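The lines below spell out each chain.
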Amino acid sequence: HSVPLCFTSNTLSHTVHILYIHTHIPSTMTSVATFARRVVVSNKSSVIFQQTAKRAFAASSSETLVKTELYDLHKELGGDMVAFAGYELPVLYKGGENGGVMKEHLWCRSEGKSSLFDVSHMGQIKWHGKDRVAFLERVVLGDIDGLAPGQGCLSLVTNENGGILDDTVITKEADYVYMVVNGATKFGDMKHFEEQMAAFGGDVTMEYLEDTMQLLALQGPGAATAIAKILPAGFDLKNMAFMTGTQTTLDGVDGCRITRCGYTGEDGFEIAMPAASAVSIASKLLDDPTVLPTGLGARDSLRLEAGLCLYGNDLNETTTPVEGVLGWTMGGPGGRRRKDASFLGAEHILTPEGKFKKVARKRVGIKGMKAPAREHAEIYDATGETLIGEVTSGTFSPSLKAPIAMGYVATASAKAGTEIMLKIRNKMQKAEITKMPFIESHYYRVPE
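What counts, and where the lines are drawn
Note that residues are indexed from 1 along each chain, following the sequence as it is written. Thresholds applied to this predicted model are a pLDDT of at least 70 for local features of residues and 80 or more for the giving and counting of side-chain atom pairs; totals over whole chains, interfaces and linings are not thresholded and use all residues. Water and hydrogen atoms were dropped before computing side-chain values, which therefore reflect all heavy atoms in the structure. Strands are runs of DSSP state E lasting at least 2 residues, helices are runs of H or I lasting at least 4, and numbering of each runs from the N terminus. We call a residue buried when its accessible area falls under 20% of the maximum for its residue type, exposed when it is over 50%, and partly exposed in between, using a 1.4 Å probe and counting protein chains only. Computed by Shrake-Rupley with a 1.4 Å probe, the accessible areas treat only the displayed protein chains as cover when residues are assessed. Two strands form a pair only when DSSP identifies at least two bridges running between them. Structural elements are reduced to axes, namely lines fitted to C-alpha atoms, with helices fitted over the stretch in contact, and the angle between N-to-C directions of any two is expressed from 0 to 180 degrees. Whether two residues are in contact is decided by their heavy atoms: any pair within 4.5 Å suffices. Every case where a carboxyl oxygen of Asp or Glu lies within 4 Å of a side-chain nitrogen of Lys or Arg is listed as a salt bridge. Working definition: rings of Phe, Tyr and Trp (its six-membered ring) pair if their centres are within 6.5 Å, and the pair is stacked with planes under 30 degrees apart, edge-to-face with planes over 60 apart, and tilted otherwise. The predictor rates its confidence in each residue with pLDDT, a number between 0 and 100. In this analysis, the expected span of each helix is defined as 1.5 Å times one less than the number of residues it contains.

When helices and strands are counted, the protein shows ten helices and 22 strands. By residue count, 61% of the 448 residues in the protein fall in the buried class. For the protein, the accessible surface area stands at approximately 17,500 Å², while carbon and sulfur atoms represent 51% of it.

Encoded structure:
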């Protein structure tokens, strides 16, 4: 997302938000192997970009892909367009001296610089009605009622079994609630919401903004300096905390919104604007030489370094928040949501006392292997004899110049420092469990 889903979100991202899409993903999925080969970048024979979730990149040859308002601009800038969650989006940019996954990734981490991502595939929703907060607290874990106007949080949408249907960034305003969900799950999310609204019976309505609003993410150490150039004079960025948002004008365009959040571990903003003004606002940002157009490939490696989850890989409807190590999205042990347990599936997540139920597996970080471990790679104990888990995301880290991965292991093996073995290309490699994020996060903090 994108607020960090796993704040490490992390959600995702998330972000604040982890953002989402706009078209049906067919059940017949094409192989992403060809796509993966296209974006492989070598660095001492190490692969930079992982084969990201089949869910995200799947598109049948007969599917009509949605083009965002920036499609022509992407092509003009050298964007290598791929199918992503029913949209055509750039995986990287070719031709420029700073193009390609590796350079785009490192640019986003560089002092004084920032990266611009098109995340218009994500789903933007406004909630109205006097019972909107009460309804949302039925379908997500977070303490929405406790948010001040303009304050946001990363939260999780759960089902009746306590599984995670999606991760989302939610911002409370005085007269509505703004939600961003993942593109690949947004239609399923809204169907779920409609079913729950029918059972709820209160005064709540869901306004899906469709593609009338486009969404960009500006991420990196230089993001605040870059966005300040298109904000109104006197806009107080210094005191705009991480995970807060507000309506504003951008480059003189009314009806825009910024949220200080992201999916990279860096300072940054998610920027929503009317579709008709998306190209002009993006172009104005890109006129700044410190801002680089950046594709999905770098976005994925950046989020993994930041320890943030990708829904469909690291989270799914059979994974509980406790297994995903995202129980913090409910608040602390004495928090209201832990006590009232009024969200869907709470009885599968919490004990009657509000404590986390014990789980058989947990999400962990993995480092120390010599080659990147991909999705579904098997994880064994240090002897290499007992299977204890599976990798869900893996890549070569451009910042660390080493392979990193995320996955699930048996709870008894989840402690940082535990030695393990990974089965990579049918060969066993030594590795170890590690804490996340893999690199230091730089989310913005208001000066004291």
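With that out of the way, let us pick up the sheet that holds strand β22 (residues 427-434). Read around the closed barrel, the six strands follow the order β17-β20-β19-β18-β21-β22; overall the barrel is antiparallel. With strand direction ignored, the average angle separating the axes of adjacent strands in the sheet is 40°. Across seven bridges, the pairing between strand β17 (residues 361-367) and strand β20 (residues 402-410) is antiparallel. Looking at the pairing, glycine 365 lines up with methionine 406 of β20. Together, β19 (387-397) and β20 form the strand contacts of helix α9 (residues 296-305), whose direction differs from that of β19 by roughly 125°.

Burial analysis of strand β15 (residues 268-274) places six of its seven residues in the buried class, the great majority of the element. Inspection of the sheet shows strand β12 (residues 213-219) paired to β15 by seven bridges, in the antiparallel sense. Bridge pairing in β15 places leucine 218 opposite phenylalanine 269.

Pairing between side chains of opposite charge can happen when the charged atoms of each approach one another. Counted under the stated rule, the structure contains 16 salt bridges. In this structure, arginine 336 engages glutamate 137 in a salt bridge whose closest nitrogen and oxygen atoms are separated by 2.5 Å. You can see arginine 336 sitting in helix α10 (residues 336-340) and its partner glutamate 137 sitting in helix α5 (residues 132-139), a full 199 residues away along the chain. A residue is classified by how much of its surface remains accessible, and arginine 336, at 35% relative accessible area, is partly exposed. The closest approach of N and O atoms between aspartate 300 and arginine 303, which form a salt bridge, is 3.2 Å. Of this pair, aspartate 300 and arginine 303 both sit in helix α9, three residues apart, which is roughly one turn of that helix. The exposure class assigned to aspartate 300 is buried, which follows from its relative accessible area of 6%. For arginine 303, a relative accessible area of 0% corresponds to the buried category. Taken together, the salt bridges that share partners define one network made up of Glu137, Asp143, Arg336, Arg337 and Asp340.

This paragraph deals with the sheet that holds strand β9 (residues 164-172). Spatially, β8-β9-β10-β7-β11 is the arrangement adopted by the five strands of the open sheet, whose pairing is antiparallel. Two strands in the sheet have a free side with no partner beyond their single neighbour: β8 (152-158) and β11 (205-208). In this sheet, adjacent strand axes meet at a mean angle of 30° when their direction is disregarded. Most of the contacts of helix α6 (residues 186-200) go to β11, to which it runs at about 165°, and overall it touches β7 (123-128), β8, β9, β10 (177-181) and β11.

Of all seven residues making up strand β5 (residues 87-93), seven are buried, and the element is well covered by its neighbours. Here two bridges tie strand β3 (residues 66-67) to β5, and the two strands are oriented parallel to one another. Paired with valine 66 across the strands is tyrosine 87, a residue of β5. Where strand β4 (residues 79-84) meets β5, six bridges bridge the pair, whose relative direction is antiparallel.

A word on the packing of aromatic side chains. Under the definition given, this model contains five aromatic pairs. With 5.4 Å between their ring centres and 65° between their planes, phenylalanine 135 and phenylalanine 200 make a pair best called edge-to-face. Of this pair, phenylalanine 135 sits in helix α5 while phenylalanine 200 sits in helix α6, placing them 65 residues apart in sequence. Arranged with centres 6.0 Å apart and planes meeting at 75°, the rings of phenylalanine 187 and tyrosine 208 form a pair that is edge-to-face. Taken together, the residues phenylalanine 187 in helix α6 and tyrosine 208 in strand β11 connect sequence positions 21 residues apart. Pairwise contacts between aromatic rings join Trp127, Phe135, Phe193 and Phe200 into one cluster.

In this model, the protein carries an average pLDDT of 88, and 86% of its residues clear a pLDDT of 70 or more. Note that residues 1-61 has pLDDT below 50 and, in this model, 301 contacts with residues that lie over four places away or in other chains.

As a further point, take α6. Here α6 spans 20 Å end to end across 15 residues, near enough to the 21 Å set by a 1.5 Å rise per residue. At the C-terminal side of α6, glycine 201 shows a positive phi close to 80°.

Positionally, threonine 248 belongs in strand β13 (residues 245-250). For threonine 248, a relative accessible area of 12% gives the class buried.

The buried fraction of α5 is high, at six of eight residues. Within α5 the residues assigned to the buried category are Arg132, Val133, Phe135, Leu136, Glu137 and Val139. Packed against the buried residues of α5 are β7, β8, β9, β10, α6 and α10.

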